[in-house]
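# A look at the structure
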Amino acid sequence: MEVRDLHAWPSTPREAEAVQDLLRPMLELGEPGPVRPRTVAGLDVAYAADGGGTGTRLAAAVAVLDGTSLEVIEESVAVGTAAFPYVPGLFAFRELPTLLDALRGLKTVPELLVCDGFGVAHPRRFGLACHVGVLTGLPAIGVGKTAFVGEYEEPGRRRGDASPLLDGGEVVGRVLRTRDGVKPVYVSAGHRTDLDTACRNVLDLTPSYRLPETTRRADRLARDALAG
């Protein structure tokens, strides 16, 4: 699939923030996006060792699933090295070069990208799901395992219960319970979708486990690539 080349890769935090500022106005938010996507891709990255510093070996994986059956349609993996130091708020720059290589290896163009990370639930309102969405032009959402920014009240204990994730008084995401009595996930819109639709899609992708099947399949694929 095609990925747009919209910027040079930064080498310093200031350059990386400038890239985020350049691309942020290209975000399309507020429209519902795909309600029942026929194909959904999970994106995830696994690191060798502790994942710190530049030059760390990593594997980026994309697993494309049928939106109804959740069966795998296509997989793509790229192995590379962390291209940027670990800086909070700029984590995407460590993973994106290799992740984009994995996306370019796909023959299927997914209708929705599900990132293991964040969209606008980000200090600069431009997390990994935003960045990937702008570069591919595809609807994208972020599903985080833990909160990165913001405050929230604990949602109810039942599947589907949710509470707003607030940062500076702005709703930047939603804390969503995907399994009864299990820790919630943190959903945020990335590009070409809205928060309500993002949460409906996450619930559709979590019939049996806390995390979306897209994330689970991509995570396993990336870890297997590193082990091999």
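Residues numbered from 1 in each chain as written. Predicted model: local features only at pLDDT ≥ 70, side-chain atom pairs only at ≥ 80, totals over all residues. Heavy atoms only, no water.

## Here's the deal with the nonpolar core
By size, the foremost hydrophobic cluster in this structure holds 38 residues, and its most contacted members are Leu43, Val62, Leu99, Leu103, Leu113, Leu128 and Val132. Of all the secondary structure elements, the ones that give two or more residues to this core are α1 (13-23), β1 (39-47), β2 (57-66), α2 (92-104), β4 (112-115) and α3 (128-136). For this core, the element with the highest residue contribution is α2, accounting for seven residues. What Val62 contacts, discounting residues up to four positions off in sequence, is Ala41, Gly42, Leu43, Glu74, Glu75, Ser76, Leu99, Ala102, Leu103, Leu106 and Leu221. Formed by 18 residues, the second largest nonpolar core is a distinct cluster that contains Val143, Cys199, Leu205 and Leu211. (Core = buried A, V, L, I, M, F, W, Y, C linked by side-chain atoms within 4.5 Å. Buried < 20%, exposed > 50% of the residue type's maximum accessible area, 1.4 Å probe, protein only. Helix = DSSP H or I, 4+ residues; strand = E, 2+ residues; numbered from the N terminus. Contact = heavy atoms within 4.5 Å.)

## What about α1?
For α1, the full list of buried residues reads Ala16, Val19, Gln20 and Leu23. Summarising the axial view, the buried residues of α1 lie within an arc of 100°, below the 170-degree limit, and thus occupy one face. As for α1, its buried residues are in contact with α2 and α3. (Arc of directions from axis to C-beta.)

## Examining the pairing of β4
Neither face of β4 is left uncovered, since the one carrying Leu112 and Val114 and the one carrying Leu113 and Cys115 both have all their residues buried. Two elements, β1 and β4, share four bridges in a ladder whose sense is parallel. Following the sheet pairing, Gly42 is matched in β4 by Val114. Taken together, the three bridges between β4 and strand β5 (residues 140-144) define a ladder with parallel strand orientation. Residue pairing across strands places Leu113 opposite Ala140, the latter belonging to β5. (Pairing = 2+ DSSP bridges.)

## Section: the side chain of Thr215
With respect to the helices and strands, Thr215 occurs in helix α5 (residues 213-227). Here Thr215 falls in the buried class, since its relative accessible area comes to 3%. Sequence-distant contacts of Thr215, that is, excluding residues within four places in its chain, are made with Asp44, Val114 and Asp116.

## Side note on the packing of α2 against α3
The interhelical angle for the contact between α2 and α3, taken along N-to-C directions, is 40°, at an axis separation of 11 Å. In terms of their interaxial angle, α2 and α3 are classed as oblique. As for how α2 packs across α3, the hand of that crossing is right-handed. Only Leu128, His131, Val132, Leu135 and Thr136 of α3 make contact with α2, whose side of the interface consists of Ala92, Phe93, Glu95, Leu96, Leu99, Leu100 and Leu103. Residues of the contact of α2 with α3, tallied by class, amount to nine nonpolar, two polar and one charged. (Axes fitted to C-alpha atoms, helices over the stretch in contact; angles between N-to-C directions. Parallel < 35°, antiparallel > 145°, perpendicular 65-115°, else oblique. Left-handed = near helix turned anticlockwise from the far one by under 90°. Nonpolar A, V, L, I, M, F, W, Y, C, P; charged D, E, K, R; others polar.)

## Thoughts on the sheet that holds strand β7 (residues 170-176)
Strand order in this open sheet of eight strands is β3-β2-β1-β4-β5-β8-β7-β6, and the pairing throughout is mixed. In this open sheet, the two strands that pair with only one neighbour each are β3 (72-81) and β6 (162-167). Averaged over all pairs of adjacent strands, the angle between strand axes in this sheet comes to 25°, irrespective of strand direction.

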